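# Coordinate analysis (summary)
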Amino acid sequence: MDYTNMGAFMELRGRSLLIQISKELDHHNAVTIREKADQLIDKNSVNQIIFDFSNSEFMDSSGIGVIMGRYKKIIFTGGKVAVTNVNSSIDRIFKLSGLYKIIDKYATIEEALNLK
């Protein structure tokens, strides 16, 4: 499913939802990404969400909200959230916000998919 015009490309891989962020995860695209992701999660019984930041350079507090909200949405059904391909500035935001305490970081998408 191609949602590149909203700031992300989303793809279902089994019960995993891959969200590839294009450019930035910020207040400009957070609402749209959240809405589309929630539709896919609800319709497809998603139990893992992987946020891929390989094409992204920036994330603000709205982005943290998108990730936290998706985490809260699937954690109660035993789901997990992971991030991949995080650059140094986004990695710093994850560390400072404490997100790494609840979300796993992997080097690649394949690693995240295989290590459920």
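The paragraphs below set out a description of the structure included in this document. Only a predicted model underlies this, so the values are computations on that prediction, with no experimental measurement involved. (Residues numbered from 1 in each chain as written. Predicted model: local features only at pLDDT ≥ 70, side-chain atom pairs only at ≥ 80, totals over all residues. Heavy atoms only, no water.)

### A word on the pairing of strand 2 (residues 16-25)
Heads up, the condition is: In this scheme, strands are said to pair when DSSP sees at least two bridges between them. Numbered from the N terminus, helices here are DSSP runs of H or I no shorter than four residues, and strands are runs of E no shorter than two. Here, the term right-handed applies to a crossover whose path from the first strand over the helix to the second runs clockwise when the strands point away from the viewer.
Inspection of the sheet shows strand 1 (residues 8-13) paired to strand 2 by six bridges, in the antiparallel sense. Paired with Ala-8 across the bridge in strand 2 is Ile-21. Both strand 2 and strand 3 (residues 48-59) contribute to a ladder of nine bridges, which runs parallel. Within the sheet, the bridge partner assigned to Lys-23 lies in strand 3 and is Ser-56. Between the parallel elements strand 2 and strand 3, the chain passes through helix 1 (residues 30-44) in a crossover that is right-handed.

### Some words on the sheet that holds strand 2
Put simply, the rule is: Every axis in this analysis is a line fitted to C-alpha atoms, fitted for helices over the stretch in contact. Angles between the N-to-C directions lie between 0 and 180 degrees.
Judged by pairing direction, the sheet is mixed, and its five strands sit side by side in the order 1-2-3-4-5 without closing on themselves. Either end of the sheet is taken by a strand with one partner, and the two such strands are strand 1 and strand 5 (104-106). On average, each strand axis in the sheet is inclined to that of its neighbour by 25 degrees, with strand direction left out of account. Where strand 3 meets strand 4 (residues 80-84), five bridges bridge the pair, whose relative direction is parallel. For Ile-50, the partnering residue across the bridge sits in strand 4 and is Ala-82.

### Looking at unusual backbone geometry
The residue Lys-23 is not glycine, and still its phi comes out positive at about 70 degrees. Note that Lys-23 resides in strand 2. The phi dihedral of Ser-45 is positive, around 50 degrees, even though this residue is not glycine. Take Ser-45: it is sitting in the loop between helix 1 and strand 3.

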